[in-house]
Amino acid sequence: MTGPQTSPARRISARVGGIAESATLAVDAKAKAKKAAGEDVVGFGAGEPDFPTPPAIVAAAEKACSDPKNHRYTPAGGLPELKAAIAEKTKRDSGFDVSAAQVLVTNGGKQAVYEAFATLLDPGDEVLLPAPYWTTYPEAIRLAGGVPVDVVTTEDAGYCVTVEQLEAARTPRTKVLLWCSPSNPTGAVASPELVEAVGRWAVEHGIWVVADEIYEHLVYGDAEHVSMPVAVPELADTCVVVNGVAKTYAMTGWRVGWLIGPADVVKAATNLQSHATSNVSNVAQVAALEAVRGDLSAVADMRSAFDRRRRTMVRMLNEIPGVTCPEPEGAFYCYPSVKGLLGKTLRGKVIESSAQLAELVLDEVGVAVVPGEAFGTPGYFRLSYALGDEDLEKGVSRLAALLAEAR
Ligand code: PMP
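None of these values were measured; they are calculated from a predicted model.

Draft legend 1. The site of the ligand, seen in detail. Neighbouring residues of the ligand: 13 residues in total, closest Gly109, Asn184, Asp212, Lys247 and Arg255. Glycine 109 has a polar backbone atom sitting 2.7 Å from an oxygen atom of the ligand. Separating an oxygen atom of the ligand from a side-chain N or O atom of asparagine 184 is a distance of 2.7 Å. Counting residues per element, the shell around the ligand draws most heavily on helix H6 (residues 108-120), which supplies three residues. Residue classes in the shell around the ligand are distributed as six nonpolar, three polar and four charged.

Draft legend 2. Quick look at helix H4 (residues 55-65). Within H4, the full set of buried residues consists of Ile57, Ala60, Ala61 and Ala64. Along the axis of H4, the buried positions cluster into a sector of 100 degrees, meaning they face one direction only. Pointing more than 90 degrees away from the buried face of H4 are the exposed residues Pro55, Glu62 and Lys63.

Draft legend 3. Geometry of the nonpolar core. Ranked by size, the top nonpolar core spans 58 residues in total, and within it Leu82, Leu177, Trp179, Val209 and Val245 carry the most contacts. When residues of this core are assigned to their parent elements, the largest contribution, seven residues, is made by helix H12 (residues 282-293). Non-local contacts of leucine 177, meaning those with residues more than four positions away in its chain, are made with Leu128, Pro130, Leu166, Val198, Trp201, Ile207, Trp208, Val209 and Val210. Membership of the second largest hydrophobic core comes to 43 residues, among which are Phe44, Leu387, Leu402 and Ala406.

Draft legend 4. Expanded view of the sheet that holds strand S2 (residues 103-106). Judged by pairing direction, the sheet is mixed, and its seven strands sit side by side in the order S2-S8-S7-S6-S5-S3-S4 without closing on themselves. The sheet is open, and its two borders are formed by S2 and strand S4 (147-152), each paired with just one other strand. Adjacent strand axes in the sheet meet at a mean angle of 20 degrees when their direction is disregarded. In the sheet, strand S3 (residues 126-131) pairs with S4 via six bridges, with the strands oriented parallel. Bridging from a neighbouring strand, alanine 131 pairs with valine 152 of S4.

The rules behind these values
- Just so you know, the residues in each chain are numbered from 1, in the order the chain's sequence is written.
- The model is predicted, so local features are restricted to residues of pLDDT at least 70 and side-chain atom pairs to those at 80 or more, both for listing and for counting; the totals for chains, interfaces and linings are taken over all residues.
- Side-chain descriptors were evaluated using all non-hydrogen atoms of the structure, hydrogens and water having been removed beforehand.
- We call a residue near a molecule or strand when any one of its heavy atoms sits within 4 Å of it.
- Whenever two N or O atoms come within 3.5 Å, that pair is a polar contact, provided that in protein one can donate a hydrogen and the other can accept it, and provided that, for residues adjacent in sequence, both atoms are side-chain atoms.
- A run of H or I in DSSP becomes a helix once it reaches four residues, and a run of E becomes a strand once it reaches two; helices and strands are each numbered from the N terminus.
- Gly is put with the polar residues, along with every residue not named as nonpolar or charged; the nonpolar set is Ala, Val, Leu, Ile, Met, Phe, Trp, Tyr, Cys and Pro, and the charged set is Asp, Glu, Lys and Arg.
- Using a 1.4 Å probe on the protein chains alone, a residue whose accessible area is under 20% of its type maximum counts as buried, one over 50% counts as exposed, and one in between counts as partly exposed.
- Within this analysis, the arc is defined by the directions that extend from the helix axis to the C-beta atoms.
- Think of a nonpolar core as a cluster: buried Ala, Val, Leu, Ile, Met, Phe, Trp, Tyr and Cys residues, connected wherever their side-chain atoms sit within 4.5 Å.
- By definition, residues are in contact when any of their heavy atoms lie within 4.5 Å.
- Should DSSP find at least two bridges between two strands, the strands are taken to pair.
- Note on geometry: axes are lines fitted to C-alpha atoms, helical ones only across the stretch in contact, with angles between N-to-C directions running from 0 to 180 degrees.

Next comes the structure, spelled out in C-alpha cells:
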C-alpha cells in the first residue's frame, strides 16, 4: 500500500527526522567497537569523569533500594527533600537564593535543557547560541520549535562571546540566550565582568537566559565560576539555571539533574515532565540527596587530577605543528584548532576537514577525538582529559607523531 501514511517521507516526523545523531556518541561507539575487537584505542571522546561515585553516595542508594516507599511513584517534580536540598546547595555554592518550589528534578541535566527550551519557546523563537556549543543544544532548541542562531567565537578570544557579538545577532524574534560556563566543549570560563555585562544586556533587551552550570565546580587556576542571576539579580525572573550531579560527583550514569527558574516556568515544566517521564528513579534521587547534602571533597580531589592532566594536555597539543590550543580554565576538555593542518597531506590523503582528520587519526593510530563539526565549528578537535595520566600521554604522543607527518 502506498499513500501519505506509508510513503518514506512520512514515516518519521520532520521534527524528529531532522535530529542529527549525537556526534560525540558516534565517535565513542566507533572507538568502543575497535576496542572490543582487540585494538589498542585511546579515547578522548568521553564526556564523563573517570572516577567512581563516592562510596557514601552508593551506600545511600543501596539502602534506598530496600525501602518500599522508594518502590512507588513519587511527585513528578522530584522528592520534596531533594528539591529543598538543591535549593540549599545552590545558595551555598553559587549564592543564588531560591526556594524548593523553584526546583524541578530531571533525568540528568540533559532533560533539564530540553524542558527549559520546550517551556520557553514558541515556533520561530530564536535562541542565541555561542559556538562552539555542546552538541545537544541546537537539537533541543529545534525539537522545541525554536531556531538556534550561532554566534561563533574563536580561539583568539579564548572562545568567549562578546556583548557586541550578541547584540549583532539579536533580532525581534530573539527570546533566549544559551549560556554555558565553564564550557563544554572549549573549557572556557567567562570572567565575572563578562558574566555581568552579558546579564545586563539580557535584562535590558528582555532576553531570557538558560544558564548551564553543570561544570560549576571544575575551574582551575584563578578562574572563578559566577552564576549570571547572582551577578545580575534583576535577571532572576527571566533565567533558568540547569545543573546536576553528573560531573561534580562522578554520577553520569545515575541520571539526576535539575532546573531552577521562576515558579511559573518550573510549574509549567513540571507539567510537561509529569506526562513525559514522571519522577526520576527514587533510588537515584536518594543518591543525589546524599551527594548535594554532603561536602565537596570528592570534586576537590577530581579537580586536582584534572588540573594536572589539563596542563599536560595543553602543553603537548601546543607542541604539535599546525595545532593551537588556548589554555582551558574549566570543565575537562581541550579544544585545539587544527586549521593549520587543513590542505596538507597525511598518509596519502589530503586533509579536507577536521571530521575527516578525526577519522584518519582513529584509523591510523587508534586515538579517538571528537571533531569540531559536532560543536558547530569545523576546524577543531575536542579532547577530554577525563582519563588516566598514562593513557593521556600515550594518546597525545601518538596523535603528535602522526600529525607531524603532515606535509
Ligand atoms: N550540559 C553540559 C554542558 C554537558 O556537557 C552535559 C553532559 N555532557 C550535560 C549538560 C548533561 O549532563 P547529564 O544529562 O549527564 O546530567
